[in-house]
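Geometric and topological summary
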Amino acid sequence: MAKLSDETRKALRTRTRLVTAGREPAEQFGFVNTPIYRGSTVLAPTVAALHDRQARFTYGTKGTPTTEALEKAWTEIAGAAGTVLAPTGLAAVTLALMTAVKSGDHILVTDSAYGPTRHFCDTILARMGIETSYYDPLVGARIGDLIRENTSVVLVEAPGSQSFEMQDIPAIAEEAHKRGLCVIMDNTWATPLFFPPHERGVDLAIEAGTKYLSGHSDLMLGLVSANPAWWRKLRSTFDAFAMCAGPEDVFLALRGLRTMELRLREAERQGLALAHWFKTRPEVAQVLHPALPGAPGHDIWKRDFLGASGLFSIVLNPFSSKAVAAMLDGLELFGMGYSWGGYESLVIPFDCATYRTATTWNPGGPALRFQIGLEDIEDLKEDLERGFERLRQAD
Ligand SMILES: *Cc1c(COP(=O)(O)O)cnc(C)c1O
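These numbers come from a predicted model, not from an experiment.

**Comments concerning the domain arrangement of the protein chain**
Along its sequence, the protein chain is organised into domain 1 (6-257) and domain 2 (260-394). Centre-to-centre, using C-alpha coordinates, domain 1 lies 28 Å away from domain 2. Each partner contributes to the interface: domain 1 provides 40 residues, whereas domain 2 provides 41 residues. Taking both sides of the interface into account, the surface hidden between domain 1 and domain 2 amounts to around 3,600 Å²; carbon and sulfur atoms contribute 62%. It is Gln 162, Phe 194 and Tyr 212 that lose the most area in domain 1 upon contact with domain 2, and together they represent 26% of the buried surface on that side. Across the contact surface, domain 1 and domain 2 share three salt bridges. Note that Asp 168 is salt-bridged to Arg 303, the shortest N-O span being 2.7 Å. In this structure, the connection of domain 1 to domain 2 is made through 22 residue pairs in polar contact (both at pLDDT 80 or more). For the side of domain 1 that touches domain 2, the elements supplying multiple residues, two or more each, are helix H2 (14-20), strand S3 (131-135), helix H8 (191-194) and helix H10 (247-279). Of the residues forming the side of domain 1 that touches domain 2, the biggest block, three residues, is contributed by H8. When its residues are assigned to classes, the side of domain 1 that touches domain 2 shows 19 nonpolar, 13 polar and eight charged.

Cut-offs applied
Residues numbered from 1 in each chain as written. Predicted model: local features only at pLDDT ≥ 70, side-chain atom pairs only at ≥ 80, totals over all residues. Heavy atoms only, no water. Domains from an automatic or database assignment. Contact = heavy atoms within 4.5 Å. Buried area = accessible area lost by both parts, 1.4 Å probe. Salt bridge = Lys/Arg side-chain N within 4 Å of Asp/Glu carboxyl O. Polar contact = N/O pair within 3.5 Å; in protein donor to acceptor, adjacent residues only side chain to side chain. Helix = DSSP H or I, 4+ residues; strand = E, 2+ residues; numbered from the N terminus. Nonpolar A, V, L, I, M, F, W, Y, C, P; charged D, E, K, R; others polar.

And the structure:
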């Protein structure tokens, strides 16, 4: 087997890229996968080599062949200039923010952002003298009206955490770039496979690798990719923090990468099937799934996204919290717990009204977020049918 030429590699289609990216069997004695390199010290053969600033590996915090394999693969898949890895998705969010802010700045964060992202802005960034304004996720090009003299970042996330609003990212990016701002996106839901972030105007794109890249609920990892304008700054911020991902987690993420497209396509198929089914249920008032025709944000999804993952929400008709607990407590296939993107189905109740500040959340009934896994859809429906029965009985 000949080594992939740069020319061939450039022309590869996504699925082939997922199989080939970040692998050099010829450098690993012919073994297919890059192994786990553990290590702190990297020995240099000479004084000159020790001082060589271009050396590929110099110390554990700067990377190993294992971390480099995932960085390179993600860079290819995200269409980025470079990628850094972080120990969690939240660490990736903080690394992206720390790359683009300084004391005295003002930043704009979507009101639909992942909760712990808000917490970081409201505590650590506030303590550093950086002010955060939350904005309506549906703001679109009107984001320009919110930009101040000292605004440095617009953070977008689509669809919104829990509530699934879609954002017009190309329009927001265009306004932000007119004023020289950095556009940071939490792209965990779509992954670069279903939303190519840098092509759509994003400067720094975050992925919680804990979710679909892992795919098995057995690791924590974050990734930040950058376009050419922001890559050097991102890498130097990463080097300053040395907030490194663990080698076993990176190895498992590389394994997950090879099947990520297949798992995402299946999550999309299963999730949409259940979303359609929920729409027919008398207990359900609204299905918040951007890939579902007629759902909020569907037009933007259709224009900008290439697929959907298996995470979405529903709003029930008014039922008591006791009835909702009876429904959820008795589920036998849907686990209740945080995170998502694994092979197993999950559900959580949520209420955005407890933390939103720029928009009101009043959907008219209790809301549930579902992550649809790889179980047989008929078994999932039967579990939910029994749940709906308990919901009605307990109300
Ligand atoms: C889970 C999640 C994160 C954080 O990832 P962790 O690895 O759990 O820290 C960030 N953003 C979004 C949208 C997430 O769903």
